[in-house]
Amino acid sequence: LGGLLFVGVNCNIVSLLHLIGKDYSQGVAVVWIISTGSLVNMFGGANNAIIMYSARYWVAAVVALLMVALTFALNMVLIPRFGLEGAAVSTAVSWGGYTCVRFWLVHKKFGFQPYNFNTVKTFFIITF
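Residues numbered from 1 in each chain as written. Predicted model: local features only at pLDDT ≥ 70, side-chain atom pairs only at ≥ 80, totals over all residues. Heavy atoms only, no water.

Participant: I'd like a description of the layout of surface pockets, backed by residues and values.
Facilitator: Approximately 230 Å³ is the volume attributed to the largest pocket. Elements with a contribution of two residues or more to the lining of the largest pocket: helix 1 (2–20), helix 2 (27–42) and helix 6 (117–127). Here the lining of the largest pocket is composed, by residue class, of eight nonpolar, four polar and no charged. (1 Å grid on protein atoms, 1.4 Å probe; cavity = no way out; pocket = protein on both sides within 12 Å on 5 of 7 lines; lining within 4 Å. Points joined across faces, edges and corners; volume = space filled by probe spheres on them. Helix = DSSP H or I, 4+ residues; strand = E, 2+ residues; numbered from the N terminus. Nonpolar A, V, L, I, M, F, W, Y, C, P; charged D, E, K, R; others polar.)

If you want it as structure tokens, here you go:
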């Protein structure tokens, strides 16, 4: 469902932004970057719930604080140089890092592996 939403939004974003006005045309790249970060975050699945409802719930809070710090640092570096796109990249990178850390924690501490060949097939379907 997240992949369908990703494709639907990105295929129609130019038309949607033209309805709002020409001033928002630079938002196409921003929407693409943010939606890619959201899609990566969706690939994390239930990792956050697994961590939050375990005895290691405090780790989720620490990781979330690290994500906030990373977002802030990246914003300070990227926004002056790239503007709105820099903020989008900062957010997407933070979400990707957050997803990777959650995956690593769930795999290392609980022995779960949420990805298999169906994940690869889904990725290719979304791509094409």
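That covers the picture; the talk isn't over yet.
Participant: Just give me the short version of a nonpolar patch on the surface, but keep the residues and values in it.
Facilitator: Nonpolar side chains collect at one region of the surface, where Met52, Tyr53, Tyr57, Trp58, Val62 and Leu66 lie side by side and expose about 750 Å² of accessible area between them. Along the chain, the position of tyrosine 57 falls in helix 4 (residues 57–82). (Patch = residues over 30% accessible without salt bridge, like charges linked within 9 Å, V, L, I, M, F, W, Y side chains within 5 Å. Areas by Shrake-Rupley, 256 points an atom, 1.4 Å probe, with all protein chains shown as cover. Salt bridge = Lys/Arg side-chain N within 4 Å of Asp/Glu carboxyl O.)

Participant: Talk me through helix 4; I want residue IDs and the actual numbers.
Facilitator: For helix 4, with 26 residues, the first-to-last C-alpha span of 36 Å sits near the 38 Å given by 1.5 Å per residue. At asparagine 75, helix 4 is bent by approximately 30°, the largest bend along its length. For helix 4, the full list of buried residues reads Val59, Ala60, Val63, Met67, Thr71 and Leu78. Considering only its buried residues, helix 4 is in contact with helix 3 (47–52) and helix 5 (84–110). A positive backbone phi angle near 70° is found at glycine 83, which sits one or two residues after helix 4. (Expected span 1.5 Å × (residues − 1). Bend = angle between axes of the 7 residues up to and from the residue. Buried < 20%, exposed > 50% of the residue type's maximum accessible area, 1.4 Å probe, protein only. Contact = heavy atoms within 4.5 Å.)

Participant: If you had to explain helix 1 to someone new, which residues and values would you point to?
Facilitator: The α-helix winds at 3.6 residues per turn, so residues separated by three or four positions along the chain end up facing the same way. Along its length, helix 1 shows its largest kink, about 55°, at isoleucine 13. Among the residues of helix 1, those classed as buried are Gly2, Gly3, Phe6, Asn10, Ile13 and Leu17. Residues of helix 1 that are buried in the fold lie against helix 2 and helix 6. Following helix 1 by one or two positions, glycine 21 has its phi on the positive side, about 150°.

Participant: How would you sum up the packing of aromatic side chains? Please name residues and give values.
Facilitator: Each aromatic ring pair is specified by the distance between its two centres and by the angle formed by the two planes. Counting across every chain of the model gives two aromatic pairs. Look at phenylalanine 110 and phenylalanine 112: their rings are 6.3 Å apart centre to centre, the planes differ by 20°, and that puts the pair in the stacked class. Among the residues examined, phenylalanine 112 registers a relative accessible area of 42% and is labelled partly exposed. Pairing phenylalanine 124 with phenylalanine 128 gives two aromatic rings, centres 6.2 Å apart and planes at 15°, and the pair type is stacked. (Phe/Tyr/Trp six-rings, centres within 6.5 Å; stacked < 30°, edge-to-face > 60°.)

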